[in-house]
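Commentary on secondary and tertiary structure
Each chain is listed here by its residues.
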Amino acid sequence: MIAVVTGATRGIGEAIANQLIQAGHYVIGTATSASGAEAIGERLGAKGEGAVLDVGDRDSLDAFLDHLKTSDEPPLVLVNNAGFNQDNLSLRMKPEEWSHVIHGNLSGPFYLIQGLLRGMVKARFGRVVNLSSVVARMGNAGQANYAAAKGGMEALTRSLAIELAARNITVNAVAPGFIETDMTRALSEAQRAAMLVRIPANRLGSVEDVAALVGFLCSEHSGFITGETIQVNGGMYLS
Ligand code: NAP
């Protein structure tokens, strides 16, 4: 089965691609650059390929969806992992900072789901997993745009789940807390310590902690779970 993982060059997306390959999928992983796509292709070998995609750009999304149409079978698994932030306090946030983050983290993932739905409906099987964030529920100063996009993604997940449940297509979201990635590795010791006191598990999550859950939600064993947002945050935020 073909699985699409956006943002598969590094971090959580790379771990998800590895997890899905272990589960026997052929993975199409995306990068924002041709060199990144090439590196994914080299990493995955015969078990997958890399492709270029900018989730915030409609032309790039259309080109990627056209490219997918050239494969023998349609992707039945989609992991909307690609995401980015552009932080600023709301008082100072520029319109382009707002719209860039909303387009890339919310509109783009929706267009991808929409583009792949027909194939899933025809196959009477589909798995969609959207990467949200703990800040969607907690809120975070300086991240009004990012938190709104992720909160929108969770709401989108619920509505799509209801639309598609009878067709054996599940749509779920996974909301990581602080995960050990390039972003968190760049923090100072003091920032790291301040973060750790907020996590009852007393550690940052690993990319594998997130990928294991995504792998399960993409499997045939998760067919009765849909519309959910599952937190992976070591107890940092409980609702
Ligand atoms: P990361 O290490 O920063 O990697 C981001 C990935 O997304 C890269 O593959 C990057 O590709 C791709 N990407 C960035 N901008 C893109 C764009 N405009 N179009 C398409 N792809 C783009 O991210 P991460 O920490 O693994 O996070 C993965 C997901 O989990 C994101 O949705 C993020 O919001 C969410 N999340 C992460 C954390 C955390 O603690 N790390 C916490 C909560 C939620 P290039 O390499 O080509 O730039």
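Below or above, wherever it landed, is the structure these notes cover. Computed from a prediction, not measured in an experiment: that's the story for all the values here. (Residues numbered from 1 in each chain as written. Predicted model: local features only at pLDDT ≥ 70, side-chain atom pairs only at ≥ 80, totals over all residues. Heavy atoms only, no water.)

1. Observations concerning the site of the ligand
The full set close to the ligand counts 26 residues, and T9, I12, T32, N81 and Y146 are the nearest of them. One of the side-chain N or O atoms of D54 is found 3.0 Å from a nitrogen atom in the ligand. Here an oxygen atom of the ligand and a side-chain polar atom of Y146 are 2.5 Å apart. Protein contact buries 88% of the 900 Å² of open area that the ligand shows by itself. Here the ligand is seated within the largest pocket. For the shell around the ligand, the class distribution of residues is 13 nonpolar, ten polar and three charged. (Near = heavy atom within 4 Å. Polar contact = N/O pair within 3.5 Å; in protein donor to acceptor, adjacent residues only side chain to side chain. Areas by Shrake-Rupley, 256 points an atom, 1.4 Å probe, with all protein chains shown as cover. 1 Å grid on protein atoms, 1.4 Å probe; cavity = no way out; pocket = protein on both sides within 12 Å on 5 of 7 lines; lining within 4 Å. Sits in = over half its atoms within 2 Å of the grid points. Nonpolar A, V, L, I, M, F, W, Y, C, P; charged D, E, K, R; others polar.)

2. Some remarks on the sheet that holds strand β1 (residues 2-5)
Ordered in space as β3-β2-β1-β4-β5-β6-β7, the seven strands form an open sheet in which the pairing is parallel. Looking at the sheet topology across the chains shown, the edges are occupied by β3 (48-52) and β7 (229-232). Across the sheet, the mean angle separating the axes of adjacent strands is 20 degrees when strand polarity is ignored. Note that strand β6 (residues 169-176) and β7 share four bridges and pair parallel. By the bridge assignment for β7, P176 is matched with V232. Across the face of the sheet, helix α1 (residues 11-22) comes into contact with β1, β2 (26-31), β4 (77-80), β5 (126-131) and β6 while running at roughly 170 degrees to β1. (Pairing = 2+ DSSP bridges. Helix = DSSP H or I, 4+ residues; strand = E, 2+ residues; numbered from the N terminus. Axes fitted to C-alpha atoms, helices over the stretch in contact; angles between N-to-C directions. Contact = heavy atoms within 4.5 Å.)

3. A look at the side chain of S132
Here S132 shows up in the loop between β5 and α5 (135-138). S132 gets classed as buried once you look at its relative accessible area, which sits at 4%. Non-local contacts of S132, meaning those with residues more than four positions away in its chain, are made with K150, M153, E154, V174, A175 and P176. (Buried < 20%, exposed > 50% of the residue type's maximum accessible area, 1.4 Å probe, protein only.)

4. Points about the side chain of S219
Topologically, S219 is positioned in the loop between α9 (207-217) and β7. Classification of S219 by relative accessible area gives buried; the value is 16%. Engagement of the side chain of S219 in a polar contact is seen with the backbone oxygen of F216, the distance being 2.7 Å.

5. Focus on the pattern of salt bridges
Summed over all chains, the structure comprises seven salt bridges. Of the charged contacts, one joins R43 and E14 as a salt bridge, the two residues approaching to 3.7 Å between their closest N and O atoms. Here R43 is found in helix α2 (residues 34-44), whereas its partner E14 is found in helix α1, with 29 residues between them in sequence. For E14, a relative accessible area of 25% puts it in the partly exposed group. When the shortest N-O distance is used, the salt bridge between E154 and R137 registers 3.4 Å. Pair noted here: E154 is in helix α6 (residues 144-164) and R137 is in helix α5, with a separation of 17 residues, a long-range link. (Salt bridge = Lys/Arg side-chain N within 4 Å of Asp/Glu carboxyl O.)

6. Description of helix α3 (residues 58-69)
Here α3 contains twelve residues, and its C-alpha end-to-end distance of 17 Å stays within 8% of the 16 Å for a straight helix at 1.5 Å per residue. Turning to α3, its buried residues are S60, L61, F64, L65 and L68. Viewed along the axis of α3, the buried residues span an arc of 135 degrees, placing them on a single side of the element. α3 presents D59 and K69 as exposed residues on the side facing more than 90 degrees away from its buried surface. Tucked inside the fold, the buried residues of α3 contact β1, β2, β3 and α4 (95-123). Between a side-chain oxygen at the N-terminus of α3 and the backbone nitrogen of D59 the separation is 2.9 Å; the capping residue is D57. (Expected span 1.5 Å × (residues − 1). Arc of directions from axis to C-beta.)

7. Section: the pairing of β1
Of the two faces of β1, both are covered, the one formed by I2 and V4 as well as the one formed by A3 and V5. Pairing of β1 with β2, which is carried by four bridges, proceeds in the parallel orientation. What sits directly across from V4, in β2, is I28. With respect to chirality, the unit in which β1 leads through α1 into the neighbouring parallel β2 is right-handed. Relative to β4, β1 runs parallel, the two being bridged by three bridges. Looking across to β4, one finds that A3 is bridged to V77. (Right-handed = clockwise from strand over helix to strand, strands pointing away.)

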